[in-house]
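Below, each chain spelled out in residue letters.
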Amino acid sequence: MPRSNRPRRAVSGRTGSGKAPKPGAKGGPVPELDLERARSGFARRESAPDGEWSVRPITAGRAEKTYICPGCSTAVLPGVAHLVVWSEDHLFGAAAGLAERRHWHTNCWTSRSYRYR
């Protein structure tokens, strides 16, 4: 007897194949969208005389800790929008550059000097 190509009726939340539905599939649970993360922006790449940098903006709502800005040596307080910056062309590789990321005030990053101190 030939097989039927009709989809079978779902029994107790399972598909005809007996597998649980995937998230986002018809009838499956849909994960909730984190709007704050979507609004915060993506990491962008910047080229400067001192190298290649990845820059990720942090919104005031997501800023939860206190950091020291390397540009002005003052605190980046919780609730203050700022930038997280790390080197793309670190001497020991991209993972080392990411491990040495720093939190900068937005104005300190845009007005930084490229001279080595």
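Look above for the structure.
Everything numeric in this text was worked out from a predicted model, so none of it was measured.

So, on to the environment of Val80. With respect to the helices and strands, Val80 occurs in the loop between β4 (75-76) and β5 (82-87). Using a relative accessible area of 32% as the deciding quantity, one classes Val80 as partly exposed. Spatially, the C-alpha atom of Val80 lies 7.3 Å from that of Thr59, the residues being 21 residues apart in sequence. If we ignore the near neighbours within four places in the chain, the residues touching Val80 are Ala60 and Ala63.

A few words now on the state of the cysteines. Applying the stated rule across the entire model yields zero disulfides. Of the cysteine sulfurs around Cys69, a residue in no disulfide, the closest is that of Cys108, at 3.8 Å. We note that Cys72 lacks a disulfide partner, and the nearest cysteine sulfur, in Cys108, lies 3.6 Å from it. Its relative accessible area of 33% is what places Cys72 among the partly exposed residues.

Here we come to the nonpolar core. Of all hydrophobic cores here, the largest spans ten residues; its members are Ala48, Trp53, Val55, Cys69, Val76, Leu83, Val85, Trp104, Cys108 and Trp109. Among the elements of the structure, β2 (51-58), β5 and α3 (106-110) are those that each provide at least two residues to this core. Ignoring sequence-local partners within four residues, the contact set of Trp109 consists of Glu46, Trp53, Val55, Leu83, Val85 and Trp104.

For the coordinates displayed, the defined rule picks out three salt bridges. The partner of Arg44 in a salt bridge is Glu46, with the nearest N and O atoms 3.1 Å apart. With a closest N to O distance of 3.6 Å, Asp50 and Arg112 form a salt bridge. One end of the pair, Asp50, is in the loop between β1 (44-48) and β2; the other, Arg112, is in the segment after α3, and 62 residues separate them in sequence. Of the residues examined, Asp50 reaches a relative accessible area of 22% and is grouped as partly exposed.

Turning next to the pairing of β2. Working note: regular strand, side chains alternate between the two faces of the sheet. With five bridges joining them, β1 and β2 adopt antiparallel strand pairing. Bridge pairing in β2 places Arg45 opposite Ser54. Once β1 ends, the chain turns through two residues before running back antiparallel as β2. For β2 and β5, the ladder comprises six bridges, and the chain directions are antiparallel. Bridging across to β5, Trp53 finds its partner in Ser87.

Criteria and thresholds
Residues numbered from 1 in each chain as written. Predicted model: local features only at pLDDT ≥ 70, side-chain atom pairs only at ≥ 80, totals over all residues. Heavy atoms only, no water. Helix = DSSP H or I, 4+ residues; strand = E, 2+ residues; numbered from the N terminus. Buried < 20%, exposed > 50% of the residue type's maximum accessible area, 1.4 Å probe, protein only. Contact = heavy atoms within 4.5 Å. Disulfide = S-S within 2.5 Å. Core = buried A, V, L, I, M, F, W, Y, C linked by side-chain atoms within 4.5 Å. Salt bridge = Lys/Arg side-chain N within 4 Å of Asp/Glu carboxyl O. Pairing = 2+ DSSP bridges.

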